[in-house]
Every structure is written in structure tokens, then in C-alpha cells.
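The lines below spell out each chain.
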Amino acid sequence: TYTNPLLQSGMTLDFNIEASPSSKIKMFYLNSLRDDEIFAQGEGNIRFMMNKYGKMEITGSYTLSKGEYKFSMRRIFSKDFQILPESFIRWSGDPYDANLNITASYRVKASLDDLITNQAEMDKRTTVDCYIILSDRLINPTIRFDMKFPSLDASTEKLIQNHINTPDEMNKQI
């Protein structure tokens, strides 16, 4: 059987990491339904500790300035979202129980005629900004979606938002 030599040595680790703005991270979230990936650039101060028994702790935060969130539902559906600045990951001990707040988006041109009928402008393709918002715990994040319509007037956008006002309706559209 394999025994980790670090554990046999009784050595402890304690690193203070100052991540510069050009630093990059890569994270994976795998479960039975999804295999998402985060590739991001940002900055922060992180402390990594491991005691002589192998117990790890991470404290600190990493603020994302840009990157990509690959949202995937096991080869059925996959979409690349661009991470927006000021998204973050914060650790307060357990490496797998970080607090996160990540917003990412992608832009498409889409016909909105399925959402609103009897609107002349709905039969043409409209710019739609689609957002994914990850919050709460890294181990089991809350995932929400949102949509904005930058080329529509406020009253038309409100009509569409009223049509997709439930999480189920929003999920169908994204």
C-alpha cells in the first residue's frame, strides 16, 4: 500500500500566495449531471495550510477579472460564458467549501417571436445577453440564469421579462 511520504515526515505546510493580476486558475466541477470548467485570470491573497496529518485549509479570496465558464450538461448541452470582472471565490477553511459569486455571459442574436406575439419587431433577430450566476458554496452552487435585451426599448423588454419570470421559463430560454 502507498503511504504519502509527506505524512510520514510529520511536515506541515503553510503558504501565503499573493496572486498577481496576470495569475490564472483552472477549476472543475464534476457531478452526475454536469462537468463544468472555469478558466480564469485574476488576483488575490490566499493562504494554504496542511497539517502533519494531511488536513488542508485554504483562506483568502481570489477576484476574477476575466475568463471562461464552460457550462456543460454531460455532452447534451454545452455553452461557453465569458466571466465578468469582480466575480470572486472566497475560502474560509475547507478547500471544497468556498463561497463564490461568479457572473458570466454570452451574447447571441435570436428571434423572440416565440416569447411575444403580435409585436412587429419580434420577428427579426435581436441581441440577447444571456447570464449565468453562480453563488453560495463551491461544492453545491446555486445556479441562476438571466437575460437582457440591450437593443429593445424598456417596455418591450418588460413584456419579455414578464414571460420568462420563473426559473423554469428562464432555463428553457437559455
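Look above for the structure.
What comes next is a walk through the structure. Here the structure is a predicted model, which means the values were calculated and not measured.

Analysis parameters
- Positions within a chain are numbered from 1, following the residues in the order the chain's sequence is written.
- Side-chain atom pairs in this predicted model are given and counted only at pLDDT of 80 or more, local residue features only at pLDDT of at least 70, and totals for whole chains, interfaces and linings cover all residues.
- Excluded from the side-chain calculations are hydrogens and water; all other atoms, namely the structure's heavy atoms, are used.
- Think of it this way: DSSP has to see at least two bridges between two strands before they count as a pair.
- Helix numbering and strand numbering both begin at the N terminus, where a helix is a DSSP run of H or I of at least 4 residues and a strand a DSSP run of E of at least 2.
- Residue types Ala, Val, Leu, Ile, Met, Phe, Trp, Tyr and Cys, when buried and joined through side-chain atoms within 4.5 Å, form a set referred to as a nonpolar core.
- Buried means the residue's accessible area, taken with a 1.4 Å probe over protein chains only, is under 20% of the maximum for its type, while exposed means over 50%, and partly exposed covers the values in between.
- Whether two residues are in contact is decided by their heavy atoms, any of which lying within 4.5 Å being enough.
- In this description, one arc is meant: the one made by directions from the helix axis to the C-beta atoms.
- Note on aromatic pairs: the rings of Phe, Tyr and Trp (six-membered ring only in Trp) are paired at centre separations within 6.5 Å, and the planes decide the class, stacked below 30 degrees, edge-to-face beyond 60, tilted for the rest.

Strand direction decides the pairing type here: strand S2 (residues 35-50) and strand S3 (residues 56-73), joined by 14 bridges, are antiparallel. Its bridge partner lying in S3, Gly 42 is registered against Leu 64. Counting the residues that bridge the hairpin from S2 to S3 gives five residues, and of these Gly 54 lies at a positive phi of roughly 95°.

We now examine the nonpolar core. Core analysis: the largest hydrophobic core is formed by 33 residues, its most contacted members being Tyr 69, Phe 81, Ile 83, Ile 89, Ile 102, Ile 132 and Phe 149. Those elements that place two or more of their residues in this core are strand S1 (13-30), S2, S3, strand S4 (77-83), strand S5 (87-93), strand S6 (99-111), strand S7 (125-137) and strand S8 (140-148). In this structure, Phe 149 is in contact with Leu 112, Thr 127, Val 128, Glu 157, Ile 160, Gln 161 and Ile 164, ignoring residues within four places of it in sequence.

Our focus in this paragraph is the environment of Ser 87. Examined against the element boundaries, Ser 87 turns out to sit in strand S5. Apart from the residues within four sequence positions on either side, Ser 87 is in contact with Tyr 62, Thr 63, Leu 64, Asn 101, Ile 102 and Thr 103.

Turning to helix H2 (residues 154-163), its buried residues are Thr 156, Glu 157 and Ile 160. The buried residues of H2 occupy one face: seen down the axis, they fall within an arc of 100°. The exposed residues of H2 that point more than 90 degrees off its buried face are Ala 154, Ser 155 and Lys 158. Against S8 lie the buried residues of H2.

What follows is about the environment of Phe 48. Structurally, Phe 48 can be placed in strand S2. In sequence terms Phe 48 and Phe 15 are 33 residues apart; their C-alpha atoms lie 5.1 Å from each other. Those residues in contact with Phe 48, other than ones at most four positions away along the chain, are Leu 13, Asp 14, Phe 15, Met 56, Glu 57 and Ile 58.

Attention now moves to unusual backbone geometry. Of note, Glu 86 is a non-glycine position whose phi angle comes to about 75°, a positive value. Position of Glu 86 among the secondary structure elements: in the loop between S4 and S5. For Glu 86, a relative accessible area of 64% puts it in the exposed group. Positioned with a positive phi, Asp 136 is a non-glycine residue whose angle comes to about 75°.

Two strands pair when backbone bridges link them, and S4 and S6 are joined in this way by two bridges, in the antiparallel orientation. If you follow Gln 82 over to S6, its bridge partner there is Ser 105. Strand direction decides the pairing type here: S5 and S6, joined by three bridges, are antiparallel. Looking at the pairing, Arg 90 lines up with Asn 99 of S6.

Between two aromatic rings, the relevant description is the distance of the centres plus the angle of the planes. Per the stated rule, a full pass over the model turns up five aromatic pairs. Between the aromatic rings of Phe 81 and Tyr 106, the centroid separation amounts to 4.9 Å while the plane-to-plane angle is 75°, which identifies the pairing as edge-to-face. With Phe 81 in strand S4 and Tyr 106 in strand S6, the pair connects residues that are 25 residues apart, well separated along the chain. Exposure remark for Tyr 106: the relative accessible area of 12% places this residue in the buried category. Among the aromatic residues, those joined into a ring-pair cluster are Tyr 69, Phe 71, Phe 81, Tyr 106 and Phe 145.

Everything listed is a geometric property; what it means functionally is a separate question.
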